[in-house]
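# Geometric and topological summary
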Amino acid sequence: MRKILECHWDWVLPVKVDSIGRRLSIQVRKLDPLNAEHTGLSGMVEIQDDLKLAYFNASESINRQRFALAHGIGHLVLGHVISAAPRLVDGEDGRHYSASNSSQMEQEANNFAMQLLMPKDAIDYVINQEKVNNINYLAVKFGVSEVAMHARLKNLGWMYY
Ligand SMILES: [Zn+2]
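Residues numbered from 1 in each chain as written. Predicted model: local features only at pLDDT ≥ 70, side-chain atom pairs only at ≥ 80, totals over all residues. Heavy atoms only, no water.

### Concerning the overall build of the protein chain
- Within the protein chain, the secondary structure is distributed over seven helices and four strands.
- What you see in the protein chain, going N to C, is helices and strands ordered as α-α-β-β-β-α-β-α-α-α-α.
- Relative to the 2.2 N^0.38 estimate, which gives 15 Å for 161 residues, the radius of gyration of the protein chain is 16 Å and therefore close to what a compact globule would have.
- The buried share among the 161 residues of the protein chain stands at 42%.
- Considering only intrachain contacts with a sequence separation of at least 6, the fraction spanning at least 24 residues in the protein chain is 61%.
- When the accessible surface of the protein chain is split by element, carbon and sulfur atoms take 52% of a total near 8900 Å².
- Across the protein chain, the mean location of the 17 positive side-chain charges is 6 Å away from that of the 18 negative side-chain charges. (Helix = DSSP H or I, 4+ residues; strand = E, 2+ residues; numbered from the N terminus. Rg over C-alpha atoms; globule rule 2.2 N^0.38 Å. Buried < 20%, exposed > 50% of the residue type's maximum accessible area, 1.4 Å probe, protein only. Contact = heavy atoms within 4.5 Å. Areas by Shrake-Rupley, 256 points an atom, 1.4 Å probe, with all protein chains shown as cover. Lys, Arg positive; Asp, Glu negative; His and termini not counted. Charge placed at Lys NZ, Arg CZ, Asp CG, Glu CD.)

Written as structure tokens, this is what we have:
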């Protein structure tokens, strides 16, 4: 993850998750509301031949779109999508529907998304430099939900409850 951020992140916040996906040779697409296979999904990733695709749901909030995309990029980068199981879908309620579902892969993809959207160095910098102690401010600045920011701050040791 550190390498991905070093190579592809311009230190601008919020992190441009779609452009980082493209720089990792992942095509970013919207789920098609008219496609029955896409109904009820928050995100989906697949490999078609050698093409890596990450989909997001354009009708969800921007923050959810960003998280779903970062999560999907995580599935692809972490090798969760393989030729034997070329597609992984994420439901709107956060559950997987695919047969290859595993809660460990979900957790790994969520960790990847948290690190991508809320890089440790950036969080530490903003908190130290701007003397911020307001979760809402940080959530807006990083383009994530307050719930996600709260989890990340706990994870980084900035909060204990
Ligand atoms: Zn997932």
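### So, the packing of helix H5 (residues 120-130) against helix H7 (residues 146-155)
- At their nearest, the axes of H5 and H7 sit 11 Å apart, and the two run at 90° to each other. Relative to H7, the element H5 lies roughly perpendicular. Two secondary-structure elements touch here, H5 through Lys120, Ile123 and Ile127 and H7 through Met149, Arg152 and Leu153.
- In terms of residue class, the contact of H5 with H7 is built from four nonpolar, no polar and two charged. (Axes fitted to C-alpha atoms, helices over the stretch in contact; angles between N-to-C directions. Parallel < 35°, antiparallel > 145°, perpendicular 65-115°, else oblique. Nonpolar A, V, L, I, M, F, W, Y, C, P; charged D, E, K, R; others polar.)

### With respect to the packing of helix H6 (residues 135-142) against H7
- The geometry of H6 relative to H7 is characterised by a closest axis approach of 9 Å and an angle of 105° between their N-to-C directions. It follows that H6 is roughly perpendicular to H7 by the angle criterion. Together, Ile135, Asn136, Leu138, Ala139 and Phe142 of H6 and Glu146, Met149, His150 and Leu153 of H7 make up the contact between the two elements.
- Of the residues assigned to the contact of H6 with H7, the class counts are six nonpolar, two polar and one charged.

### Observations concerning the pairing of strand S2 (residues 41-48)
- Among the eight residues of S2, six are classified as buried, and the element is accordingly described as predominantly covered.
- Direction of pairing for S2 relative to strand S4 (residues 87-91): antiparallel, over a ladder of five bridges. Note that in S4 the partner of Val45 across the bridge is Leu88.
- As defined by bridge partners, S2 adjoins strand S3 (residues 51-56) across six bridges and the pair is classed as antiparallel. Within the sheet, the bridge partner assigned to Ile47 lies in S3 and is Lys52.
- Connecting S2 to the antiparallel partner S3 that follows it, the hairpin turn spans two residues, and Asp49 within it adopts a positive phi of roughly 55°. (Pairing = 2+ DSSP bridges.)

### Some thoughts on H6
- Regarding H6, the residues found buried are Leu138, Ala139 and Phe142. Down the axis of H6, the buried set is contained in an arc of 100°. They therefore lie on one face.
- Against the buried residues of H6 lie helix H3 (62-77), helix H4 (103-117), H5 and H7.
- The N-terminus of H6 is capped by Asn134, whose side-chain oxygen sits 2.8 Å from the backbone nitrogen of Asn136.
- Of the residues trailing H6, Gly143 is marked for its positive phi of about 65°. (Arc of directions from axis to C-beta. Polar contact = N/O pair within 3.5 Å; in protein donor to acceptor, adjacent residues only side chain to side chain.)

### Quick look at unusual backbone geometry
- For the bond running from Leu13 to Pro14, omega is -10°, close enough to zero to count as cis.
- Within the fold, Pro14 resides in the loop between helix H1 (2-8) and helix H2 (17-23).
- For Lys131, which is not a glycine, the phi torsion comes out positive at approximately 50°.
- With respect to the element layout, Lys131 can be found in the loop between H5 and H6.

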